[in-house]
Amino acid sequence: FDAYQDTMRGLMGALLSSTTTWEEACEVMRGKPAAAALSEAEQRAAFDELVETMRVAEAAEAEVDGGDDESRHKRKKHRDRDRERRDRGDRDRREEEDEEERRRRKKE
């Protein structure tokens, strides 16, 4: 179950929510090793469990926010900004490593 759910999370990312349909999940998971390892009934059970977990988490988040769309939007904006900064930092670090490698090769 875990491998199936982890693969689905990885492939669908932000598109995966409590409103994701079984048909959408099947389309994404078609041909993936994690799906092939389970029967269709097991895949459906893993999907249902994952969606229910997300539904509970979304309901808890809405309760904390008091259903406040603005609060959710601000949190998403901060998450996106943090993700962008992290990605930019990773890219900068890779560019620096590439540059160091070029300099080292040039010295040789």
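Structure first, text after, so check above.
Conventions adopted
- Residues numbered from 1 in each chain as written.
- Predicted model: local features only at pLDDT ≥ 70, side-chain atom pairs only at ≥ 80, totals over all residues.
- Heavy atoms only, no water.
- Axes fitted to C-alpha atoms, helices over the stretch in contact; angles between N-to-C directions.
- Helix = DSSP H or I, 4+ residues; strand = E, 2+ residues; numbered from the N terminus.
- Parallel < 35°, antiparallel > 145°, perpendicular 65-115°, else oblique.
- Contact = heavy atoms within 4.5 Å.
- Nonpolar A, V, L, I, M, F, W, Y, C, P; charged D, E, K, R; others polar.
- Polar contact = N/O pair within 3.5 Å; in protein donor to acceptor, adjacent residues only side chain to side chain.

A. Geometry of the packing of helix α1 (residues 2-12) against helix α2 (residues 22-29). At their nearest, the axes of α1 and α2 sit 10 Å apart, and the two run at 90° to each other. It follows that α1 is roughly perpendicular to α2 by the angle criterion. Counted together, Y4, T7, M8, L11 and M12 of α1 and W22, A25, V28 and M29 of α2 form the full contact between these two elements. Across the contact of α1 with α2, the residue classes tally to eight nonpolar, one polar and no charged.

B. Looking closely at the side chain of S18. Looking at where S18 falls in the secondary structure, it is placed in the loop between α1 and α2. Polar contacts involving the side chain of S18 include one to the side chain of E58, which spans 2.5 Å. Once residues within four sequence positions are removed from consideration, S18 is found in contact with V51, M54, R55 and E58.

None of the figures reported here should be taken as evidence of function without further support.
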